[in-house]
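# Residue-level structure breakdown
Residue-level listing of the chains:
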Amino acid sequence: MKIYQFNRNTGKEITQFDSNFVMSRIGIINKKAHIGFMYLNKEGVVGYHQAVSDQLLLVVSGSGTVRGENNETQIVEAGDAVFWNKGEWHETVSNDGLTAVVIESEELDPSAYMRLRK
């Protein structure tokens, strides 16, 4: 399990075409991908299971905890991106609620665009 960041501070200011915004790039996917939006209510749990493919959890709002195979629990919040490799055991839990974009694909490399969280 690796935790990256995609918050405003890690993005790049875009000014082309009279634009004024910040873009945090997530990655490039050249293979088929499944993209979904996950809603964990209060006391929500995505149970401990193996990732069926490389998986990236992009926390959009709320907070929770994640753990991987080493059973170490880490707090995540909006702007964090959690990456699990195919076959890696993992779990996500939220006491107060969490929403996230989930990307699953055979070929994910978040390190190409995002930096690891410190």
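Relevant structure appears above.
The residue numbers shown here count from 1 along each chain, following its written sequence. Owing to the predicted nature of the model, reporting of local features is limited to residues with pLDDT of at least 70; listing and counting of side-chain atom pairs is limited to 80 or more, with chain, interface and lining totals taken over all residues. To get the side-chain values, take all heavy atoms of the structure and skip hydrogens and water.

Here we come to unusual backbone geometry. One can expect most non-glycine residues to show negative phi and most peptide bonds to be in trans. A positive phi angle, near 60°, is found at Glu 43, a position not held by glycine. Within the fold, Glu 43 resides in the loop between strand S4 (33–40) and strand S5 (44–50). A simple rule labels every residue: compare its accessible area, found with a 1.4 Å probe on the protein chains alone, to the largest value its type can have, and call it buried under 20%, exposed over 50%, or partly exposed in between. A relative accessible area of 59% means that Glu 43 is categorised as exposed. A positive phi is found at Asn 71, a non-glycine position, where the angle reads about 65°. Structurally, Asn 71 is set in the loop between strand S6 (54–67) and strand S7 (73–77). Helix numbering and strand numbering both begin at the N terminus, where a helix is a DSSP run of H or I of at least 4 residues and a strand a DSSP run of E of at least 2.

Let's shift gears to the nonpolar core. Ranked by size, the top nonpolar core spans 12 residues in total: Ile 3, Met 38, Leu 40, Leu 57, Val 59, Val 66, Val 76, Val 82, Trp 84, Leu 98, Ala 100 and Val 102. If you list the elements that add at least two residues to this core, you get S4, S6, strand S8 (80–84) and strand S10 (98–105). Throughout, a contact is declared for two residues whenever any of their heavy atoms are within 4.5 Å. Those residues in contact with Val 59 that sit more than four places away from it in its chain are Phe 6, Val 76, Glu 77, Ala 78, Gly 79, Asp 80, Leu 98, Thr 99 and Ala 100. Only buried Ala, Val, Leu, Ile, Met, Phe, Trp, Tyr and Cys residues count toward a nonpolar core, and they belong to the same one when joined by side-chain atoms within 4.5 Å. Membership of the second largest hydrophobic core comes to 9 residues, among which are Phe 6, Leu 56, Phe 83 and Met 114.

On to the packing of aromatic side chains, then. Two rings belonging to Phe, Tyr or Trp (six-membered ring only in the last case) form a pair when the distance between their centres is within 6.5 Å. Interplanar angles under 30 degrees mark stacking, angles over 60 mark edge-to-face geometry, and anything in between is tilted. Enumeration over the complete set of coordinates arrives at 2 aromatic pairs. Only lysine NZ and arginine CZ atoms are considered, and such an atom sits over a ring when it is within 6 Å of the ring centre and within 35 degrees of the ring normal. Just above the ring of Tyr 48 sits the side chain of Arg 67; from NZ or CZ to the centre is 4.0 Å.

In this section: the layout of surface pockets. Considered as a void within the structure, the largest pocket measures approximately 170 Å³ in volume. Buriedness of a pocket was judged along seven lines, with at least five required to meet protein on both sides within 12 Å; pockets are open sets of points on a 1 Å grid over the protein atoms alone, cavities are sets where a 1.4 Å probe fits but cannot get out, and lining residues have an atom within 4 Å of a point. Gly 11, Lys 12, Met 23, Ser 24 and Arg 25 are, among the 14 residues lining the largest pocket, the residues nearest its centre. In terms of residue count, strand S2 (residues 12–14) provides more of the lining of the largest pocket than any other element does, 3 residues in total. Only Asp, Glu, Lys and Arg are considered charged in this grouping, and only Ala, Val, Leu, Ile, Met, Phe, Trp, Tyr, Cys and Pro are considered nonpolar; every other residue, Gly among them, is considered polar. Of the residues assigned to the lining of the largest pocket, the class counts are 5 nonpolar, 5 polar and 4 charged. Grid points are joined across faces, edges and corners, and a volume is the space filled by probe spheres set on the points.

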